[in-house]
Number of protein chains: 2
Amino acid sequence: MSSRADPSTAQLLEAPCRTVMRGSTSPMEDAAAERRKATFDSEELAAFLAEGKDNLLRREELVKLLSSQPWGDKTHRYFLTREQEYVCGLEAMVGMWKIMREQRMSMEDGIAMRSLAYFPGGLELHIGMFIPTILSQGTPEQQAKWMPLSNRLQVIGTYAQTELGHGTFVRGLQTVAVYDESARQFVVHSPCLESTKWWPGGLGKTATHVVLMARLFVKGRDYGPHAFVVQIRDLDTHLPLPGVTVGDIGPKMGYNSVDNGFLSFDHVRVPREAMLMRFAQVTEEGRYVPPPPDNQKASYATMVYVRATIVRDSGDFLSRAVTIATRYTAVRRQTASKLGEPEVQVLDYDNVQQTLLPLMARAYSFVFMGRSMMHMYNSFDAARARNDFVALPELHALSSGLKALCTDVTAAGIETCRRQCGGHGYLLASGLPTLFNSYVQNCTWEGDNSVMYLQTARYLIKSAMAAQAGKPLTGSAQYLSAASQQAGARCGVSSPADWCSPAHQLAALTRVAAQLVAQAAQVLARAGGGRLSFDGEAWNSSTVDLIRAARAHASLYLHQNFVDCVEAAAEQRELGDTTAAVLRQLVQLHGVSLLMEVAGDLQEGGYCTGRQAGMLREQQRALVYALRPNALALVDAFAYPDYQLNSALGRKDGNVYQALLDSARINPLNATPEGPAYKPVLQALLNPEVRSRM
Amino acid sequence: MSSRADPSTAQLLEAPCRTVMRGSTSPMEDAAAERRKATFDSEELAAFLAEGKDNLLRREELVKLLSSQPWGDKTHRYFLTREQEYVCGLEAMVGMWKIMREQRMSMEDGIAMRSLAYFPGGLELHIGMFIPTILSQGTPEQQAKWMPLSNRLQVIGTYAQTELGHGTFVRGLQTVAVYDESARQFVVHSPCLESTKWWPGGLGKTATHVVLMARLFVKGRDYGPHAFVVQIRDLDTHLPLPGVTVGDIGPKMGYNSVDNGFLSFDHVRVPREAMLMRFAQVTEEGRYVPPPPDNQKASYATMVYVRATIVRDSGDFLSRAVTIATRYTAVRRQTASKLGEPEVQVLDYDNVQQTLLPLMARAYSFVFMGRSMMHMYNSFDAARARNDFVALPELHALSSGLKALCTDVTAAGIETCRRQCGGHGYLLASGLPTLFNSYVQNCTWEGDNSVMYLQTARYLIKSAMAAQAGKPLTGSAQYLSAASQQAGARCGVSSPADWCSPAHQLAALTRVAAQLVAQAAQVLARAGGGRLSFDGEAWNSSTVDLIRAARAHASLYLHQNFVDCVEAAAEQRELGDTTAAVLRQLVQLHGVSLLMEVAGDLQEGGYCTGRQAGMLREQQRALVYALRPNALALVDAFAYPDYQLNSALGRKDGNVYQALLDSARINPLNATPEGPAYKPVLQALLNPEVRSRM
């Protein structure tokens, strides 16, 4: 600041300014000092997490590439209007698609760019659903027709399934496609308001075509939902075609760069070839040829894939939030016991560190879980090529419950991280509000989380029934077999430190899961008059207990996977000793914090005494203290470039206050010094002379 | 829909459309049927909650008044840009202020209008802090100068305390006001980046003046923070005065109609009279006259008042969210066991009703708590006029912990309600995202919730120490006295229904609170080497346990208040028997759901057995079932006009799908059929001819 002060004023102020500056600290020095405390090499861990140092270097190259594009500049990202968000988001996606094609980039590069730019656009479902559906359900002729156009973006598609009145219950969709054999056409129609297609991304103002899920009727018979490629806009004018009503459904909590849309049809005729006929077919003369019986399994496989990617992404999003909050609370200071002394780093408050470090453990655990899910999916995919679907039920149950668990924890975790940042966390410039508002939809889409937990619960109840019938169990629910269950077993922990042992942790988590499955089965049986039924009133009135059981099962699996992955990496020397030691502490903290959540259940079933349950608290405290010096290094290992986080508070260098001020200065509301309300509202009030002239 | 179909197409579609419409239901009929199930008169309860039927009628009049104003129309509220939000929010606030003055309305009317319009603007702190501070801390001359100008909005003020680097720790503020006795002026100065004032509402582009909190220096001595009225903008041009840097801090998660601002001073001279001198004074010649000793208490009293209003508002906001979610889930249907049958009302799923009804109980409890807090404050205020501050420590401790508890639960509860609404809850048109994003700041401002809990914890630890020293305890912490504590006492519940008794519930909640206070004291003593200290490292490293204790104490108080209020209303015949019966069920559910949260603690301390803890779950289920038929009537009793909720999903008539579609149709992104990205992005892609000409 260049000063306006004359010499005597400057002199008058000198001592007071010195006084109030006493105890001031530099956030940049705080950040550097924090890093010096680490006991392990965060770059080693970063390379391991990125599956190779090359990938880290590639990430840096991609950041350079993206930030040099006009649409890749993030400086004004938090200031866009809805309309600007939509246009710029689409520009960014088109830009990335072109770069990928021009530079013949790998799919991994594409995924990395998408994550770095973090600017979803109207092509999301073109790439994520329209093209894949044509590839999986289209005949070779249909693929030959649509794929080149789709790849060149000469047509842009989306996937229109959900309706204003219909979500989860796909069989109940009300859009119809009725075959008119005289014209060899389908008539596509929306018979009521509730049948309006609602939500498809890119549908509002971008897409020219849709894959439409509609109830197929041939010769009066209802064959249920089938997929059709239907053009909705004129390719020359981009205007809706006759009989098509289409538009954007309006602003959302987040994700506003995507134009989610509505769509209805008034007796629109489409050629017979519009139906995707790789599996089911309708012949010219109107004969329905059903799909092969394994087709259902294939569509389950797609769901499993999407859920696996959601699990993977949860680790990504939670770790971003934890990175921002940990970095900021390490340099933010609040309250000194004595005026003039440095204030305390916020991360040194017990409640802040006991909040952030367990969340950090979760983020790590989700990253490992995401990796394992993708591996599992890939081996299943290989088996599937040999028509081997054996792994599917297990994978479906796991991916459903883990989708729900990981997204629940991540959504809540992002908001928790935001709150640890105090007032400044409320600014978009912190990066956290946008992260939360755009992430939280993951708890709802691709299967609402309660529906997801219930998928897992169905599998668990079936497993429990099989076990009771003396059938052998395999896979993740094996612990439900009679042989594994020792109802009389008691927790063997006799000191807080005992709770660190993976064996004690896994035994306790297993016990809780088994107990909650048994409780849910009891509730379900009671509701069904002794019978276990999987739908209807009995099932619907037992969902609270079923969801609890599924959550406990998913938690157990999650922790087992974390333990296994870290041990495997340590054994195979993928991690040095000091790094492995820190990761093991994170694993321990993960287990303890999961067990603290179910302390009531552990005692209720008689597995733990009150004393043992209380020891969990003590041990969590001890683990958090042990990990505290490595807090910053552990988030550095996630290796998020500043460009990606786009957060004034999450800057790696710690220069948070300067970043906040810089961001405020370019805020469009400051474009004029008097502000946009001066002329229309304030002038007449503040200046009575002006008012009297009016 | 007028149809485009020719007769033969119409005929072809007739049967299929009939088929897919089978099982369709009308949301409006669902809503009506739900209301018929109620066992009590919701209008009676509405009048009771509104403290008189007249107030309900007045509410309707105010809705008419507001919705007829150009700035009161909410149709486009969810479509505004940041700039529009700011300008329109300010217009609305100015409009309401003028109406209040012109029509000589009561303060209650003003509060009601503010809540109905729900459009905070740049005058929030002018009305809420600037004027009250001048009234409480200004001399009669200062009041005479500023009040007429403030009331006519010829000056607009705000309250500038927090700085970029300083929040909670007010003593550590770095803005200085140095007295220059030669000029009889103060020099106001911001010595560093971190001392930039940051956050004050209305500061960005609206305010002409601020009450500035600055460290007062007289003759080299630091007297700590004092209040000064400082002009920051020219009244003719609205431009910042020389030496003043001011602007908007940028977009936030919510509350974007308010221009929170930043402000720094470069050696700005203000007259001696700028200091608010009712209590502390600086004489012309530079002598500091300290405030009377009770002054500190007065500022605590202001905090208590603000926190009491936050508690009151929490009931308001949570009940709005619960109203929307209950109404929507009662008419939304999802999944039939058989195609063609009506799908199940979402509110009939166990997990949905066991989520919403306990939240409804919380909302009711907060409404009663808010009322009681305001009564307590008013009696304290009356006593204060007689210089009686006896009630202050208790009131301060209660209002702090309850502020934290009620805002925590409300913020999480709004988001929970949003999730119960599935995908449609993600639309701004549902009303819930805006409610969440604007509400959640209440967990942070006016004292971050962890800081708030710790205020209560300090009081609890002090009470526990007093009890140990054999001193008698009064007020809410009386249960900590040695006489009240029966360490050996055991829970007397022997059936699930026993858990409904207020005596059992309160005994258990009291036990948990006492136990957690004792645990926290132990942790604190261990951290302090045997000594209980109230700041420094020992305190900072015990905050997790201290916060748990404070939360348990606040929960106990909350429930006790709910029990007492409902019983008093029933006894005094303010409620009919059927209404009182339903409210008693809500009270029971409230207690049971609070106890379920601490089931682990109940068992850990040996108070409950596992069996007794398990009975809580059974009883919650039974109470939820019992209350289910009254769900809609119970939210109707909150009596929110559709205008206030501004929610497509929360409409009283249940016509939710029409409302969603109506809201989408007027969405500005649909202003042109081809959309805003067609010319700049899509045309060249979709139409290769155009591209080839480029």
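On a predicted model such as this, the values are computed, not experimentally measured, just so you know.

Residues and elements named next belong to chain A. Across the sheet, three strands lie side by side as 4-8-7; this open sheet has antiparallel pairing. Strands with a single pairing partner mark the edges of an open sheet, and in this sheet they are strand 4 (197-198) and strand 7 (244-248). Where strand 7 meets strand 8 (residues 261-265), five bridges bridge the pair, whose relative direction is antiparallel. From the neighbouring strand, valine 244 faces strand 8, where its bridge partner is phenylalanine 265.

Turning to the confidence of the model for chain A, a few remarks are in order. In the predicted model, chain A carries a mean pLDDT of 95, and 98% of its residues have values of at least 70. For this predicted complex, the interface score ipTM comes out at 0.97, while the overall pTM is 0.98.

So, on to the relation of the copies chain A and chain B. Mapping chain A onto chain B is achieved by rotating through 180° and translating by 0.0 Å along the same axis, at an RMSD of 0.0 Å. These values place the two chain copies in the arrangement generated by a two-fold rotation axis. When each C-alpha of chain A is compared by its distance to the rotation axis, A:Gly600 comes out closest, at 1.8 Å. An overlap of 99% is found between the interface residues of chain A and their copies at the interface of chain B, pointing to a shared contact surface.

Contacts between chain A and chain B engage 167 residues on the former and 166 residues on the latter. Taking both sides of the interface into account, the surface hidden between chain A and chain B amounts to around 13800 Å²; carbon and sulfur atoms contribute 61%. Of all residues in chain A, the largest losses of buried area upon contact with chain B belong to A:Met253, A:Tyr426 and A:Leu686, amounting jointly to 6% of the total for that side. Applying the counting rule to chain A against chain B returns six salt bridges. Its salt-bridge partner being A:Asp545, residue B:Arg621 comes within 2.3 Å of it at the nearest N-O pair. Taken together, the links from chain A to chain B amount to 64 residue pairs in polar contact (both at pLDDT 80 or more). Tallied by class, the residues present in the side of chain A that touches chain B amount to 73 nonpolar, 55 polar and 39 charged.

With that out of the way, let us pick up the sheet that holds strand 8 (residues 261-265) of chain B. Residues and elements named next belong to chain B. Taken together, the three strands give an open sheet; going across it, the order is 4-8-7, and neighbouring strands pair in antiparallel fashion. Because the sheet does not close on itself, it has two edges, and the strands there are strand 4 (197-198) and strand 7 (244-248). Pairing of strand 4 with strand 8, which is carried by two bridges, proceeds in the antiparallel orientation. Bridge pairing in strand 8 places tryptophan 198 opposite phenylalanine 262.

Let us look at the state of the cysteines. Under the counting rule described, the total for this entry stands at zero disulfides over all chains. Cysteine A:Cys192 is unpaired, with the sulfur of B:Cys17 as its nearest cysteine sulfur at 8.6 Å. Relative accessible area serves as the criterion here: at 10%, A:Cys192 is assigned to the buried category.

Following the sequence through the fold, B:Glu83 ends up in helix 5 (residues 82-102). Aside from chain neighbours lying at most four places away, what touches B:Glu83 is A:Leu669 and A:Pro676.

Turning our eyes to something else, we now look at the side chain of B:Thr543. Tracing the sequence through the fold places B:Thr543 in helix 16 (residues 543-571). Beyond its immediate chain neighbours, meaning those up to four positions away, B:Thr543 contacts A:Tyr349, A:Asp350, A:Asn351 and B:Leu454.

Attention shifts here to the packing of helix 9 (residues 295-331) of chain B against helix 10 (residues 350-385) of chain B. Residue and element names in this part refer to chain B. One can describe the packing of helix 9 onto helix 10 by two numbers: an axis separation of 8 Å at closest approach and a directional angle of 155°. Considering the angle they form, helix 9 stands roughly antiparallel to helix 10. Read as a crossing pair, helix 9 and helix 10 show a hand that is left-handed. Within the contact of helix 9 with helix 10, the residues separate by chemical class into 21 nonpolar, seven polar and three charged.

This next bit is on the pairing of strand 2 (residues 176-180) of chain A. Residues and elements named next belong to chain A. Summarising burial for strand 2: five of the five residues are buried, a large majority. The two faces of strand 2 match: Val176, Val178 and Asp180 on one face and Ala177 and Tyr179 on the other face are all buried. Two elements, strand 2 and strand 3 (residues 185-189), share five bridges in a ladder whose sense is antiparallel. Residue pairing for strand 3: tyrosine 179 is matched across the bridge by phenylalanine 186. In this structure, the hairpin formed by strand 2 and strand 3 is closed by a connection of four residues, where arginine 184 is found at a positive phi of approximately 55°. Here three bridges tie strand 2 to strand 5 (residues 209-218), and the two strands are oriented parallel to one another. The partner of alanine 177 across the bridge, within strand 5, is leucine 216.

Residue and element names in this part refer to chain A. For the pair helix 5 (residues 82-102) and helix 6 (residues 107-117), interaxial distance at closest approach is 11 Å and the crossing angle is 155°. Judged on the interaxial angle alone, helix 6 and helix 5 are roughly antiparallel. The two elements helix 5 and helix 6 meet at a crossing, and its hand is right-handed. Only Met107, Gly110, Met113, Arg114 and Ala117 of helix 6 make contact with helix 5, whose side of the interface consists of Met96, Ile99 and Met100. Of the residues belonging to the contact of helix 5 with helix 6, the class tally is six nonpolar, one polar and one charged.

Our next topic: the packing of aromatic side chains. One pass over the structure, following the stated rule, counts 31 aromatic pairs over all chains. With a centroid separation of 6.1 Å and 65° between ring planes, the pair formed by B:Phe380 and B:Phe389 is classed as edge-to-face. Here B:Phe380 matches B:Phe389 in class, with each residue buried. By the ring-pair criterion, three or more aromatic residues cluster together here, those being A:Tyr305, A:Tyr377, A:Phe380 and A:Phe389. The ring of A:Tyr118 carries A:Arg320 above its face, with NZ or CZ at 4.9 Å from the centroid.

Thresholds, definitions, all that
- Residues numbered from 1 in each chain as written.
- Chains lettered and ligands numbered in written order.
- Predicted model: local features only at pLDDT ≥ 70, side-chain atom pairs only at ≥ 80, totals over all residues.
- Heavy atoms only, no water.
- Pairing = 2+ DSSP bridges.
- Helix = DSSP H or I, 4+ residues; strand = E, 2+ residues; numbered from the N terminus.
- pLDDT = per-residue confidence, 0-100.
- Least-squares fit on C-alpha atoms with pLDDT ≥ 70 in both.
- Contact = heavy atoms within 4.5 Å.
- Buried area = accessible area lost by both parts, 1.4 Å probe.
- Salt bridge = Lys/Arg side-chain N within 4 Å of Asp/Glu carboxyl O.
- Polar contact = N/O pair within 3.5 Å; in protein donor to acceptor, adjacent residues only side chain to side chain.
- Nonpolar A, V, L, I, M, F, W, Y, C, P; charged D, E, K, R; others polar.
- Disulfide = S-S within 2.5 Å.
- Buried < 20%, exposed > 50% of the residue type's maximum accessible area, 1.4 Å probe, protein only.
- Axes fitted to C-alpha atoms, helices over the stretch in contact; angles between N-to-C directions.
- Parallel < 35°, antiparallel > 145°, perpendicular 65-115°, else oblique.
- Left-handed = near helix turned anticlockwise from the far one by under 90°.
- Phe/Tyr/Trp six-rings, centres within 6.5 Å; stacked < 30°, edge-to-face > 60°.
- Lys NZ or Arg CZ within 6 Å of the ring centre and 35° of its normal.

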